[in-house]
Amino acid sequence: MKEIEKDSIIIEIKDNAGGIPEEILPRIFEPYFTTKDEGRGTGLGLYITHTIITKHLKGKIKVENESFEYEGTKYVGAKFSITLPLILSVNDN
Ligand SMILES: Nc1ncnc2c1ncn2[C@@H]1O[C@H](COP(=O)(O)OP(=O)(O)OP(=O)(O)O)[C@@H](O)[C@H]1O
Ligand SMILES: [Mg+2]
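Analysis parameters
- Residues numbered from 1 in each chain as written.
- Chains lettered and ligands numbered in written order.
- Predicted model: local features only at pLDDT ≥ 70, side-chain atom pairs only at ≥ 80, totals over all residues.
- Heavy atoms only, no water.
- Helix = DSSP H or I, 4+ residues; strand = E, 2+ residues; numbered from the N terminus.
- Buried < 20%, exposed > 50% of the residue type's maximum accessible area, 1.4 Å probe, protein only.
- Contact = heavy atoms within 4.5 Å.
- Areas by Shrake-Rupley, 256 points an atom, 1.4 Å probe, with all protein chains shown as cover.
- Near = heavy atom within 4 Å.
- Polar contact = N/O pair within 3.5 Å; in protein donor to acceptor, adjacent residues only side chain to side chain.
- Nonpolar A, V, L, I, M, F, W, Y, C, P; charged D, E, K, R; others polar.
- Patch = residues over 30% accessible without salt bridge, like charges linked within 9 Å, V, L, I, M, F, W, Y side chains within 5 Å.
- Salt bridge = Lys/Arg side-chain N within 4 Å of Asp/Glu carboxyl O.

As for the overall build of the chain
Thinking step 1. A tally of regular secondary structure across the chain gives one helix and four strands.
Thinking step 2. Written out in order from the N terminus, the α and β elements of the chain read β-β-α-β-β.
Thinking step 3. Each of the 93 residues in the chain was classed as buried or not, and the buried ones make up 24%.
Thinking step 4. Partitioning the intrachain contacts of the chain with sequence separation of at least 6 by distance along the chain shows that 54% fall at a separation of at least 24.
Thinking step 5. Of the roughly 7400 Å² that the chain leaves accessible, carbon and sulfur atoms contribute 52%.

As structure tokens, then:
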């Protein structure tokens, strides 16, 4: 959990795998878009993630590449930021 701000929560997930090439960034949430070898990736992982977050949870997901330092070593990776609305449920019982 990164932070809670008013009526939404922001979750950030990042890795140190080198980042996503700029030229494919606009396509990574498309269904069946994959750079993996045939038979190794479906290209559905991020499409399904995007659908669940935007359509079902009414949130947002964005991605950017980021350089960072961890315990004295520099890394580059992809950072996904997920914003989810906080919904208060009211129980009538
Ligand atoms: N963390 C990441 N770092 C670098 N590239 C990524 C990252 N996540 C996704 N990508 C790129 O986006 C493409 C689409 O990702 P997605 O998860 O939708 O499919 P996939 O990983 O190829 O296959 P599968 O859905 O079966 O896991 C990947 O093939 C890869 O090129
Ligand atoms: Mg995947």
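Once the structure has been displayed, the description carries forward.
Brief notes about the site of ligand 1
Thinking step 1. Taken together, 16 residues lie near ligand 1, and D15, T34, T35, T42 and G45 sit nearest.
Thinking step 2. Interatomic distance of 2.8 Å between a side-chain N/O atom of D15 and a nitrogen atom of ligand 1.
Thinking step 3. A distance of 3.2 Å separates an oxygen atom of ligand 1 from a polar atom in the backbone of G43.
Thinking step 4. Partitioned by chemical class, the residues of the shell around ligand 1 number seven nonpolar, seven polar and two charged.

Regarding a nonpolar patch on the surface
Thinking step 1. A surface patch of nonpolar side chains, about 330 Å² in accessible area, is lined by Y47, I48, I52 and L57.
Thinking step 2. What makes I48 partly exposed here is its relative accessible area of 43%.

Some remarks on the pattern of salt bridges
Thinking step 1. For the structure shown, the criterion picks out six salt bridges.
Thinking step 2. For K79, the salt bridge identified is with E64, shortest N-O distance 3.8 Å. Pair noted here: K79 is in strand 4 (residues 73-85) and E64 is in strand 3 (residues 60-70), with a separation of 15 residues, a long-range link.
Thinking step 3. Looking at E64, the relative accessible area reads 32%, which means it is partly exposed.
Thinking step 4. We note a salt bridge from E66 to K79, for which the minimum N-O separation is 2.8 Å. With E66 in strand 3 and K79 in strand 4, the pair connects residues that are 13 residues apart, well separated along the chain.
Thinking step 5. Via salt bridges that share partners, E12, K14, K62, E64, E66 and K79 belong to a single interconnected network.

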